[in-house]
Amino acid sequence: GLVFPKTTEEVALFLQICSTHKVCVVPSGGRTGLAGGAVAPNGEVVLSLSRMNKMYPVDTLANTVRVQAGAVTEAVHHHCLPSGLTWPVDFASKGSSHVGGNISTNAGGVKVIRYGLTRNWVLGLQVVTMQGQILELNGALEKNNTGIDLRQLFIGSEGILGIVTEATLKLTQASPQTDVLFFGLDSISSVLKLFNEVRKAPFQIMAFEFLTDNCLQSVAASRKIQPPFSDPCAAYVLLEIERPAHAGAQSITDMWLESIFEKNLVQNGTLAQSPREAKELWSLREGITESLGNRGFVHKNDIALPISNLEAFISDMYQMFEAGHQGAEVFLFGHIGDGNLHVSTLKPSSMDRTEFMGKCHQADLELFTLVQKHAGSISAEHGIGLLKKDSLQFTRSLTEIALMREIKKVLDPQGLLNPGKIFN
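Residues numbered from 1 in each chain as written. Predicted model: local features only at pLDDT ≥ 70, side-chain atom pairs only at ≥ 80, totals over all residues. Heavy atoms only, no water.

Notes on the state of the cysteines
Working step 1: Inspection of every chain in the model, using the stated rule, returns zero disulfides.
Working step 2: Cys-24 takes part in no disulfide bond, and the closest cysteine sulfur, belonging to Cys-18, lies 9.0 Å away.
Working step 3: Look at Cys-24 and you get partly exposed, because its relative accessible area is 27%.
Working step 4: Cys-233 provides the cysteine sulfur closest to Cys-215, a residue in no disulfide bond, and the two sulfurs are 14 Å apart.
Working step 5: Residue Cys-215 is classed as buried on the basis of its relative accessible area of 0%. (Disulfide = S-S within 2.5 Å. Buried < 20%, exposed > 50% of the residue type's maximum accessible area, 1.4 Å probe, protein only.)

Below is the structure:
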């Protein structure tokens, strides 16, 4: 079954009925998640929030806006722009992802280094429990130091504790003028050295994205375009910076760029001369997943490491693949600025899909063991859902998992809401 409520009261009434009759419910947003968090494998009723897309007037005094959970991320951006404000949660799927889904997964994206995760930009929540209780959590308060912050409990819990129906979002000034730069480097080690220099630079970093050469070649072939540099490099960095707001801004950026080349940190570089060129450079990073998908079946991992452990982890990871998985071509890219790596493996055309998935499963166990060794997370921004629940113990202790189960029991004692997600 599939239901399309339009109000929080309709959601509450429906969940109350489902609780009485012991019917399982799966909440659904824009369906852009990559961990199987909104699938209904056992015939559960799917509750879609797509008709709950109302956006209320922007409060320009408080810099907030209240929206229903089905509001599309990009629609919220457009709604706030006439006020000179924005909700700075931004990623490739913004044209179809829902605010409720972003909140339920604590979504990340390309500007986490500048703005942080979704939870930083949610002031208040309206949530419905499986029993049909409507909770108003924190409202539009900036400060509210009155016990456990239940709002944060629901953010990132993937819909297993309650269904977010409305949210009061915190806004910031719409993006200032930015410069987009693209660098070629001789190694991943150089990428991290460049990041160290960028962090000390006289400007605000908006994004620091990284990709290996095979990722760039894949995008270039898929889009039938020439790479930015005639000679290939081992790795590339896309850097977006906030242009300093004063007359000498350009000379500051130019002097910093000169210093980067003088220190031989980069082999090549280009600066976008127009918004169109900036968009083209961004497409080299944001087009990777699509270009790989066009070539065949891709196995994806989304991991996070403490930034200081990145270099050692990446070295260990490549050694792991070379030692036991020589046939696997690894495509590495991600948000270096917040320690988030996307590790993709493309199925060889000659290999059977079942055999490939078996090899991927074995490689994942070894990869997650390395992630655990380096104190990382097996899921940086995609969540656990159905697909990663068997590997949760690599990131969370048994005590933590037991506590999560107890919290689930308190809020959903019959286990009817999004069953089988995160843990069984």
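Let's pick the thread back up.
A word on the pattern of salt bridges
Working step 1: Using the criterion set out here, one finds 16 salt bridges in the structure.
Working step 2: Here Arg-66 ties to Glu-136 by a salt bridge, and the two come within 3.0 Å at their closest N and O atoms. Here the residue Arg-66 occupies a position in strand β4 (residues 64-68), and Glu-136 occupies one in strand β7 (residues 134-137), the gap between them amounting to 70 residues.
Working step 3: Using a relative accessible area of 45% as the deciding quantity, one classes Glu-136 as partly exposed.
Working step 4: The residue Lys-408 makes a salt bridge to Asp-412 at a minimum N-O spacing of 2.8 Å. (Salt bridge = Lys/Arg side-chain N within 4 Å of Asp/Glu carboxyl O. Helix = DSSP H or I, 4+ residues; strand = E, 2+ residues; numbered from the N terminus.)

Here's the deal with the sheet that holds strand β11 (residues 204-212)
Working step 1: Overall, antiparallel pairing links the seven strands, which are arranged β13-β10-β12-β11-β15-β16-β14 in an open sheet. Two strands in the sheet have a free side with no partner beyond their single neighbour: β13 (268-271) and β14 (298-304). When strand polarity is set aside, the average angle formed by the axes of neighbouring strands in this sheet is 15°.
Working step 2: Across eight bridges, β11 lies against strand β12 (residues 235-242) in antiparallel orientation. Across the sheet, residue Gln-204 finds its bridge partner in β12, namely Glu-242. (Pairing = 2+ DSSP bridges. Axes fitted to C-alpha atoms, helices over the stretch in contact; angles between N-to-C directions.)

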